[in-house]
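Overview (structure and organization)
Chain by chain, the residues run as shown.
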Amino acid sequence: MKKYIYLIIVLLIGMLLKFINQSFAYQECTYITKQLNGISTKNITKNLIGKNVTYHKFCSYQDCYNMKNNNLNEAINNFIKLQKLKKSEEYNIEAYIKGIPITEITFTLCE
């Protein structure tokens, strides 16, 4: 009789674990590359801050910046400094007024 009680308990625990759909060890994440229109360094933080998002890289046409950490504001400031060193004075003046256009961003979205 004890065998049947243990068997029923094991089956009930197994069914309970099967129907609990939450895993604490594994998260489902998706790696996404998104094309952006009308986004610049002036307004990117207003449009892209999200929960459970890890940013990896953003690009302005052919110039890309790989982020070291998930601090988007710090990465944008570093990207602007790099662009000032590489680009012409006219481009820098226009970028100061309008912002540097961001055409693509790569991030990981976890559920």
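Above: the structure in question.
The model shown is predicted, which means the values in this text are computed figures rather than measured ones. (Residues numbered from 1 in each chain as written. Predicted model: local features only at pLDDT ≥ 70, side-chain atom pairs only at ≥ 80, totals over all residues. Heavy atoms only, no water.)

Let us now look at the side chain of D63. Within the element layout of this structure, D63 appears in strand 3 (residues 63-66). Accessibility expressed as a relative area gives 17% for D63, which makes it buried. Not counting chain neighbours up to four residues away, the residues in contact with D63 comprise F58, F79, Q83, K86 and K87. (Helix = DSSP H or I, 4+ residues; strand = E, 2+ residues; numbered from the N terminus. Buried < 20%, exposed > 50% of the residue type's maximum accessible area, 1.4 Å probe, protein only. Contact = heavy atoms within 4.5 Å.)

A few words now on the nonpolar core. Side chains that are nonpolar tend, in soluble globular proteins, to be buried together. One finds I44, Y55, F58, M67, I102 and I105 to be the most contacted residues of the largest nonpolar core, which totals 18 residues. Sorting the residues of this core by element identifies helix 2 (44-48), strand 2 (53-60), helix 3 (72-86) and strand 4 (104-110) as the ones contributing at least two each. Sort the elements by how many residues they give to this core and helix 3 lands first, with four residues. (Core = buried A, V, L, I, M, F, W, Y, C linked by side-chain atoms within 4.5 Å.)

What follows is about the side chain of T41. On the secondary structure map, T41 appears in the loop between strand 1 (29-35) and helix 2. A relative accessible area of 13% means that T41 is categorised as buried. Ignoring any residue separated from it by four or fewer positions in sequence, one finds T41 in contact with I76, I80, G99, I100 and I102.

Our next topic: the pattern of salt bridges. In this structure the tally under the stated criterion is three salt bridges. Among the ionic pairs, K86 bridges to D63, the shortest N-O distance being 3.8 Å. Linking K86 in helix 3 with D63 in strand 3, this pair joins segments that are 23 residues apart in sequence. Relative accessible area serves as the criterion here: at 56%, K86 is assigned to the exposed category. Between K98 and E94 there is a salt bridge, and its shortest N-O distance comes to 3.8 Å. One end of the pair is K98 and the other is E94, both in helix 4 (residues 89-98) and four residues apart, which spans about a single turn. Residue E94 is classed as partly exposed on the basis of its relative accessible area of 44%. Three or more residues joined by partner-sharing salt bridges are found here, namely D63, K86 and K87. (Salt bridge = Lys/Arg side-chain N within 4 Å of Asp/Glu carboxyl O.)

Strand order in the open sheet formed by four strands is 1-4-2-3, with antiparallel pairing between adjacent strands. Edge strands, defined here as strands with exactly one partner in the open sheet, are strand 1 and strand 3. For this sheet the average axis-to-axis angle between neighbouring strands, irrespective of direction, equals 20°. (Pairing = 2+ DSSP bridges. Axes fitted to C-alpha atoms, helices over the stretch in contact; angles between N-to-C directions.)

On to unusual backbone geometry. At Y61, a residue that is not glycine, the phi angle is positive and equals roughly 60°. Its location among the elements puts Y61 in the loop between strand 2 and strand 3.

Burial analysis of strand 4 places five of its seven residues in the buried class, which makes it a mostly covered element. Pairing of strand 1 with strand 4 involves seven bridges; the strand directions are antiparallel. In the sheet register, C29 faces strand 4, and the bridge partner there is C110. Here strand 2 runs beside strand 4; their pairing, made up of six bridges, is antiparallel. Residue pairing for strand 4: T54 is matched across the bridge by T108.

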